[in-house]
Every structure is written in C-alpha cells, then in structure tokens.
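Observations on the model geometry
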Amino acid sequence: MKPTSTDKAPLRGPRLGVEIAGVRFKNPVLTASGTFGYGLEFAPYLDLNAIGGIVVKGLSMKPIAGNPPPRVYETASGMLNAIGWQNIGAAAFVAEKLPGLANYDTRVIVNIVGFELDEYLEVARFLNDCPGVHALELNISCPNVGKGGFHFNKDPRDTHKITAEVRRASPRLPLWVKLSPNVTDIREFARAAEEAGADALSVINTLVGMAIDVHSRRPRLRFRTGGLSGPAIKPVALRMVWEACQAVRIPVIGIGGIATAEDALEFLIAGARAVQVGTANFYEPAVSERIALGLGEYCRAHRIDDIHEIIGSLRDYE
Amino acid sequence: MLDRKVKIKEIRDLGAGNHLLVITSPEQARLVRPGQFVMLKCVEDTGGNPLLRRPFTIFNIHRNARSGKPAGLELLVKEAGAGTRRLVMARPGQVLDCLGPQGQGFHLPPDLSSRVATACLVAGGVGIAPLLLLAESLLALRIRPILFYGGATAADLVLRESFERLGIDIIYCTEDASHGERGLVTGPLEQFLRIHPRKDTRLYACGPWGMMRGVHELAVGYELQCEVSLEARMGCGLGACLGCVVASEASEGRSYPLVCQDGPVMNSRLVRWDIAPI
C-alpha cells in the first residue's frame, strides 16, 4: 500500500483513503460497533459522508432484549457497560435501517453476534446477500453475555474454528474479526483468525471491569461486570494493536479510547490501517467527523501527501 | 435534537446542594416541550473526568426580560457526583456542550381537558424539575393542577415560589415536618384521592424510584392514569448506547425501552417497578 513518489496530487490536499480487503474507505476514521447505533441516529449531528465507515450495533438473526438495568456506569476517564447485545435483529436492520444508510457515501460494516455458532452462521449467511453491506465484523469478544460470544475468544482454536466457519458462510463479504483484550497474548488470537481466513482484525473490544456502590454494597451494573471503554483503555489498546500488527499481515483496525485526531494518529503510527471511534461518540456526537478533518490538517501541517506515509511508521530510539 | 455550545448566564445557589443553572440558547429554548431534557458537559472537560455528559430535565424556559421571547433554559442541578459538581462549580460565561431538547415529554394533546379535570403533580426533591412547565401547560389547557411536593426537610423543597406564583393548590410534606405535613408525599396524595374519587383525575410523578412506585400503585388502586418522568444513567442521551433502559411490562422478550428516547416520561403501567434502573 506504499504510495509511489510520482503519485502525488498536492493541490487536492492529502490523500486519506485506505483499502481494507478490497473495500475502499475515503478516510481511515470509522465508528465502533455499539457506540453509533445503526448510524442514522447520528445524522442530525454530523455529516455521515465525512467519515470512512460505520460499524453498526452488533446484530443477531433474532432480536435480543439485552440485560436488565443498570447497564452503564462512568468510571475514571471511562465507562463500564453491560448492554447484553440488545438489537433489533438483522432482518429489521436490513428492512428499516440499511435503506437510509444507502443515502450516504460511507461504508457500512455489520458487527455480528450469536450465542451459538449456528446463530453466527445464520446471520452471516443472511447478510452475505444484502447489498449495501460492505463487510462483516465478527464479534467474539463481548464480555457482557452469559454464554456464546466471549467463549470463542478464550482459546485460539475456537477463534480459528468460528472464523473459518463464518468465512465460508459469507463468501462475498470481507470478514473482520474483533478481538478481546481479555487474553494473555493477543498475538495468538490474531494469528489464529488470520490463518482461518480473516481479512482484517478489529483490536480491541472492551476490558472486563467492575464498580461497586459502597453504600448498597451492590455492583454498579446488574450484570455485575461490564466492558470498560473510553480514554482509560487507550494505552492498553495501543499496545495490543501494535502487537497484533507485528503478528499478522492482514490489516488491523485500531480501537480503544480514541477521542482526538492525535489519538487516531497514534494508532495509525503503531500500524493500524484504520481506526474506530467508540465511547467518544457518546459525549461528542460529531467527534468522528472532527477526527477525520484533524487527520487532514495533520498531514498538511507535516507535508504528508498520503496517510500511508503515517501508517506503521513507528520509529525506534537510536 | 440540537448539539450546541452554550454560555452559562447564571448559577443560582438554592441551598442543600441544589443550583439553578441558566444557559443562553434561544434556538434550543424555542423547541422545548414539558418533560424534555438536555445533556450537558463543560467544553474544557475533554477525555477526562467527568467523561460523559449528564442529563438534566428542563425546569423552565428563560425568557428575555424585555421581549418575553425564549432566550435560554433553566435547569435544576443537584450536586450528586463528579459530573454535577463540575457543572455547579462553573462560572457565568463558561461554555457548555448542550444536546437537546431530547426525549418524550408529557402527553398533552389539545383535547386533554375533555378527559382530565384535575392533575395531581407529585414531586420528590429535585423531581420538581419537570413539573413547572407541565403545570403551566395544564393551566393553559384549563386543567386544574395540584402540587404535592415532598422532601426530606424544608431546604429540599426548592423553587417552590415558582409554583406559588401560579396560584395553584400546593401540599408540602417533609420527613422532619420542617415545612408542611410530616411524612412522605404519597400520604396526602392518597388522602386527596380518597376524598375526591373522580375518574377525571390524572397523576404525574417525578422523584425517587420508591416514591414514583408508590404513586403508580395509587394510580392502579384508584384506576387512574399516571405518567412518570424517569431517571437513568445515560451514556449518550440520543438513543445509541442503549445504556439508559428501563425494564418494561411491554418489553417481554422484545427490548427494553430507552429512557432517553421512549421516555423520560412514560405511562407508569409500562414500567416494571421491581427492577430499578439505577
């Protein structure tokens, strides 16, 4: 993906476009699953055409009600959530949301969830035939459901198995695998997914955490534990993205606490081909557009013609 | 549905940790319906503590002294944690991120007076916040509001002069009898409903979960309709994070309604009162 020295168009501003598994993104700023609804919720607050892509809320074949409240709690520079995969179901998404998203010039990636392997395969097969879906993101790393999901990210062999099976179930769509940080060595899981045919990796999902109300002595979340997200997890995410980039050849999409263009640049320098903005969407709905603009400004200020000059450009001390 | 940077016009200390926050935002003020809320955060607070915006019910529309036109919003902020502390320590002129007005307010169709003659407004502490705009709308619809306003002590009965100015009947209750009757607000409410058993009475409640549950149970007992203004911890306030749900009688196997979008005002019969959202 290195640009050639003659391939320059300085008058048109820096080139921010990236490609992931044959899909072209106008810039490397995407929104993370679970933090951007089905995309259209944010249309009043930003120009959806200004971002590279939208990863929609995790979808199962049948609607899921989710966990009883309380589901969220703010912690130092972050938040815990245990939503429990509440979603309207893939068929309702395709009928009610996807046509609206087609009005925007951005990419739509669908995050898929399931309690059992068969449920993942069913939703993957269904979405494979849906025009307007540009890639699947396999969610095997959600810590907030009792069974399934998370199970496939406990052993690299399980990650390999589910990746291979979903790969076969949706041959048309690029398959991204979203990895959990709640493992000893993320590189093993990254390699397992790559070997099984994943086209890209999304790194990372939330870190399992907990908070307790000392007056009632109850957990702040009814599910007891939840996924920690937000700026608090950025250093951990950045380290894991950097590790994953060393371990595989397929593109890595960096996720974890990104709230500014500078945050996004850190992940790109560490080797991520693109980034996903998550929790920051909650407190600044237009943040992804601002980050995309910020990347352009950084490139101009540093006389960088193409974002690929930044990707994986981490330097060492002498 | 607007996200705006707004300036603090005034912060008035109301005592007992309560503050009236007045912000300048004519554009948002023009859109407000009784029961709606805004999400607030100081713009300087980026990526730290507090992280998320906080939801606040709109207490009143601030009007231009001369023209009477909507100029901003008045919000009741009770210091309860890091997020609210940050807001009440802000200074006039400081800029806030303000998203809103959000959510479903009270159900106030133009022909409401054909079914409702008396409205019992029940507030516990800062639960008073949505009831001023509601009382004004009810008066405009020629429905008689009666306010039942309870708090732990007299100091918790904030902003009561705003209601006294409307000339409506008000029953105050405090747990220590420092103002009005002694005890919980549901006591005098029940007494009223017993003495005035009329089907054209409607209940509106906002306050602690237990109080709203009590009002709901009275509504069921007296076969009256009841709307409650719910509170929940919110991630985004715009329907994306799915964090602010309430367990619902109507949600069997389907989904949990969102306080930010399907609420904050809901029919009390849709709420499952055995599962508190906070």
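Quick caveat, the model's predicted, so the values are computed rather than measured.

What counts as what
- Residues numbered from 1 in each chain as written.
- Chains lettered and ligands numbered in written order.
- Predicted model: local features only at pLDDT ≥ 70, side-chain atom pairs only at ≥ 80, totals over all residues.
- Heavy atoms only, no water.
- 1 Å grid on protein atoms, 1.4 Å probe; cavity = no way out; pocket = protein on both sides within 12 Å on 5 of 7 lines; lining within 4 Å.
- Points joined across faces, edges and corners; volume = space filled by probe spheres on them.
- Helix = DSSP H or I, 4+ residues; strand = E, 2+ residues; numbered from the N terminus.
- Nonpolar A, V, L, I, M, F, W, Y, C, P; charged D, E, K, R; others polar.
- Pairing = 2+ DSSP bridges.
- Axes fitted to C-alpha atoms, helices over the stretch in contact; angles between N-to-C directions.
- Disulfide = S-S within 2.5 Å.
- Buried < 20%, exposed > 50% of the residue type's maximum accessible area, 1.4 Å probe, protein only.
- Contact = heavy atoms within 4.5 Å.
- Buried area = accessible area lost by both parts, 1.4 Å probe.
- Salt bridge = Lys/Arg side-chain N within 4 Å of Asp/Glu carboxyl O.
- Polar contact = N/O pair within 3.5 Å; in protein donor to acceptor, adjacent residues only side chain to side chain.

1. Comments concerning empty space enclosed by the protein
Gaps left between atoms are located by rolling a probe of water-molecule size over the structure's atoms. Evaluation of the coordinates by the stated rule reveals two cavities of 30 Å³ or more. The computed volume of the largest cavity comes to approximately 470 Å³. In terms of lining residues, the largest cavity is bounded by 32 residues, among which S33, G34, N81, N205 and T206 of chain A are the most central. Going through the elements one at a time, β4 (53-59) and β6 (78-81) of chain A are the ones with two or more residues in the lining of the largest cavity. Among the residues making up the lining of the largest cavity, the classes are represented as twelve nonpolar, 18 polar and two charged. In this structure, the second largest cavity encloses a volume near 30 Å³. Of all the secondary-structure elements, those providing two or more residues to the lining of the second largest cavity are β3 (37-42) and α2 (82-88) of chain B.

2. Here's the deal with the sheet that holds β6 of chain A
Residue and element names in this part refer to chain A. Here four strands make up an open sheet; going across it, the order is β5-β6-β14-β11 and the pairing antiparallel. Each edge of the sheet is formed by a strand with only one pairing partner; in this case those strands are β5 (72-75) and β11 (207-210). Within the sheet, the average angular offset between the axes of one strand and its neighbour, ignoring direction, is 40°. Note that β11 and strand β14 (residues 225-229) share four bridges and pair antiparallel. Of the residues in β14, the one forming a bridge with V208 is G227.

3. A word on the state of the cysteines
Residues and elements named next belong to chain B. Within the structure shown, the criterion is met by zero disulfides over all chains. Residue C42 stays outside any disulfide, its sulfur separated by 12 Å from that of C98, the closest cysteine. A relative accessible area of 2% places C42 in the buried class. This cysteine, C236, is not joined by any disulfide, and C241 carries the nearest cysteine sulfur, 4.0 Å off.

4. So, unusual backbone geometry
Cis geometry marks the peptide bond from V203 of chain A to I204 of chain A, where omega comes out at 15°. In this fold, I204 of chain A is placed in the loop between β10 (200-203) and β11. Here the residue pair G100 of chain B and P101 of chain B is connected by a cis peptide bond, since its omega of -5° sits within 30 degrees of zero. Position of P101 of chain B relative to the elements: it lies in strand β6 (residues 95-102). In this structure, R217 of chain A is a non-glycine residue whose phi angle is positive, near 60°. Within the secondary structure, R217 of chain A is located in the loop between β12 (212-213) and β13 (218-219). A positive phi is found at R224 of chain A, a non-glycine position, where the angle reads about 80°. Its place among the elements puts R224 of chain A in the loop between β13 and β14.

5. Quick word on the interface of chain A and chain B
Each partner contributes residues to the interface: chain A has 35 residues there, and chain B has 34 residues. Per-residue buried area on chain A facing chain B is highest for Y45, E74 and Y283 of chain A; these three make up 25% of the total on that side. Here chain A and chain B share one salt bridge between them. Ionic pairing is found between R54 of chain B and E74 of chain A, a salt bridge with its closest N-O pair at 2.8 Å. At the boundary of chain A and chain B, one finds eight residue pairs in polar contact (both at pLDDT 80 or more).

6. Some details on the pairing of β4 of chain A
All names here are of chain A. Taking burial as the measure, the seven residues of β4 include seven buried ones, the bulk of the element. In this structure, strand β3 (residues 29-31) lies alongside β4, joined through two bridges in parallel fashion. What sits directly across from T31, in β4, is I54. Summarising the sheet, β4 and strand β7 (residues 107-112) pair through five bridges and their orientation is parallel. Pairing of V55 across the sheet is with I109, part of β7.

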